[in-house]
Amino acid sequence: METRIHDAAPQPQIAIAPGFTWDQQDAYLFDIDGTLLRSRDRIHVNSFAHSVQRITGFEVTLEGIALQGNTDTGILREACAQAGIPPDVLESQTAAILEAMCHNVNEQRHAMELVRMPGVEDTLRHLAARGKLLGVATGNLELIGWLKIEHAGLREWFHFGGFSDNFPIRSELIAHAARKARELAGADARVCVVGDTPRDIEAAHANSLPVIAVATGRSSFEDLLAHHPEVCATSLAHLLAHTRGHNPSAA
């Protein structure tokens, strides 16, 4: 992998695999949390315990569960297993719990505090201007994912999405989203994943898809690079600035 490092403080870093042109794929699947935006509230996180207690009477906690790169349905399963909730109870109540989560977040949508990651809208505009198909592939439940996208003012860019409602495993979610992308862009469309965690990289590569990894979540540039994404960047702003031949520190 070719690495290009630019002098700036903080230090922007860009690594691009030889022969890969990041903005010349046909369709892009963007993760939401940590990639497109960051939540400063705990509305989504708190909806798990609130909804499980409301539907089943059991109390759960997300403490000790890795949330980054996980899926809502996967987190729910792990939280319930950790709390000792019988599998048959979860199986029979999963749909009701997920519906309660969506209702809970929707009721509080006006209190969401979301911040866009650096360079997101410029990157979406850059790709859309080149006729690229843009979608989301996220561990969020569908209603929650679209609420975040809309609240952040990004809905106009995205034509479809892949969500975790029926996919606890991220690689299966990515596979589903990639199929939808090819239904829209053509069977031979080149589909690229954009994410901020090692799990995004692993899920993309499990489906033989290239991935652009950005260190705007909790994973560092070095941690992401160790998983060999086709592109690794400290932010989408730095990647776009590099592509345009500008100093990334000015982006």
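All values reported here derive from a predicted model rather than from experimental measurement.

Trainee: Help me get a handle on the packing of helix H3 (residues 87-107) against helix H5 (residues 142-151), residues and values and all.
Mentor: As a packed pair, H3 and H5 sit with axes 9 Å apart at the nearest point and diverge in direction by 20 degrees. It follows from the interaxial angle that H3 and H5 lie roughly parallel. When you trace H3 past H5, the crossing you get is left-handed. Taking contact as the criterion, the partners of Met101, Cys102, Val105 and Asn106 in H3 are, on H5, Leu143, Ile144 and Leu147.

Trainee: Give me the lowdown on the pairing of strand E8 (residues 191-195), citing residues and values where you can.
Mentor: Of all five residues in E8, five are buried, a share of seventy percent or more. Burial of E8 is two-sided: the residues Val191, Val193 and Gly195 facing one way and the residues Cys192 and Val194 facing the other way are all buried. Each parallel crossover has a hand, and for E8 linked through helix H7 (residues 198-206) to strand E9 (residues 211-214) it is right-handed.

Trainee: Outline helix H2 (residues 72-82), listing residues and values.
Mentor: Regarding H2, the residues found buried are Asp72, Thr73, Gly74, Ile75, Leu76, Ala79 and Cys80. At its buried positions, H2 is contacted by helix H1 (43-56), H3 and H5. A positive backbone phi angle near 80 degrees is found at glycine 84, which sits one or two residues after H2.

Trainee: Run through the side chain of asparagine 104, naming residues and quoting values.
Mentor: With respect to the secondary-structure elements, asparagine 104 resides in helix H3. Reaching out from asparagine 104, the side chain makes a polar contact with the side chain of histidine 50 at a distance of 3.4 Å.

Trainee: Which residues make up the pairing of strand E3 (residues 27-30), and what values do they have?
Mentor: On E3, burial covers both faces: Ala27 and Leu29 on one face and Tyr28 and Phe30 on the other are all buried. As paired strands, E3 and E8 are joined by four bridges and run parallel to one another. Each residue of the ladder has a partner; that of alanine 27, found in E8, is valine 191.

Trainee: So what's going on with the environment of tryptophan 146? Which residues, and what values?
Mentor: With respect to the helices and strands, the residue tryptophan 146 is situated in helix H5. C-alpha separation for the pair tryptophan 146 and valine 89, spaced 57 residues apart in sequence, amounts to 29 Å. Setting aside residues up to four positions removed in sequence, tryptophan 146 forms contacts with Val136, Arg155, Phe158, Phe160, Gly161 and Phe163.

Trainee: How would you sum up the packing of aromatic side chains? Please name residues and give values.
Mentor: The full count for this structure, using the stated rule, is two aromatic pairs. Plain terms: the ring middles of phenylalanine 30 and phenylalanine 158 are 6.0 Å apart, the flat faces sit at 70 degrees to each other, and that makes the pair edge-to-face. Separated by 128 residues along the polypeptide, phenylalanine 30 in strand E3 and phenylalanine 158 in the loop between H5 and strand E7 (160-162) bring together distant segments of the chain. Of the two residues, phenylalanine 30 and phenylalanine 158, both sit in the buried class. Between the NZ or CZ atom of arginine 155 and the centre of the ring of tryptophan 146, over which it lies, the distance is 3.8 Å.

Trainee: Lay out H1 in plain terms, naming residues and giving numbers.
Mentor: Counted at 1.5 Å a residue, the expected span for H1 with its 14 residues is 20 Å, and the 20 Å between its end C-alpha atoms agrees. Of the positions making up H1, those classed as buried are Ile43, His44, Ser47, Phe48, Ser51 and Val52. Buried-residue contacts for H1 involve H2, H3 and H5. Within two residues after H1, glycine 57 carries a phi angle of roughly 85 degrees, on the positive side.

Trainee: Describe the pattern of salt bridges, naming the residues involved and giving the relevant values.
Mentor: In total, this model carries seven salt bridges according to the counting rule given. The closest approach of N and O atoms between glutamate 121 and arginine 116, which form a salt bridge, is 2.4 Å. The exposure class of arginine 116 is partly exposed, given its relative accessible area of 33%. With a closest N to O distance of 3.9 Å, glutamate 121 and arginine 125 form a salt bridge. Taken together, the residues glutamate 121 and arginine 125, both in helix H4 (residues 120-128) and four residues apart, mark about one turn of the helix. Classification of arginine 125 as partly exposed rests on a relative accessible area of 40%. Because the salt bridges share partners, they merge into one network encompassing Arg116, Glu121, Asp122 and Arg125.

About the criteria used
Residues numbered from 1 in each chain as written. Predicted model: local features only at pLDDT ≥ 70, side-chain atom pairs only at ≥ 80, totals over all residues. Heavy atoms only, no water. Axes fitted to C-alpha atoms, helices over the stretch in contact; angles between N-to-C directions. Helix = DSSP H or I, 4+ residues; strand = E, 2+ residues; numbered from the N terminus. Parallel < 35°, antiparallel > 145°, perpendicular 65-115°, else oblique. Left-handed = near helix turned anticlockwise from the far one by under 90°. Contact = heavy atoms within 4.5 Å. Buried < 20%, exposed > 50% of the residue type's maximum accessible area, 1.4 Å probe, protein only. Right-handed = clockwise from strand over helix to strand, strands pointing away. Polar contact = N/O pair within 3.5 Å; in protein donor to acceptor, adjacent residues only side chain to side chain. Pairing = 2+ DSSP bridges. Phe/Tyr/Trp six-rings, centres within 6.5 Å; stacked < 30°, edge-to-face > 60°. Lys NZ or Arg CZ within 6 Å of the ring centre and 35° of its normal. Expected span 1.5 Å × (residues − 1). Salt bridge = Lys/Arg side-chain N within 4 Å of Asp/Glu carboxyl O.

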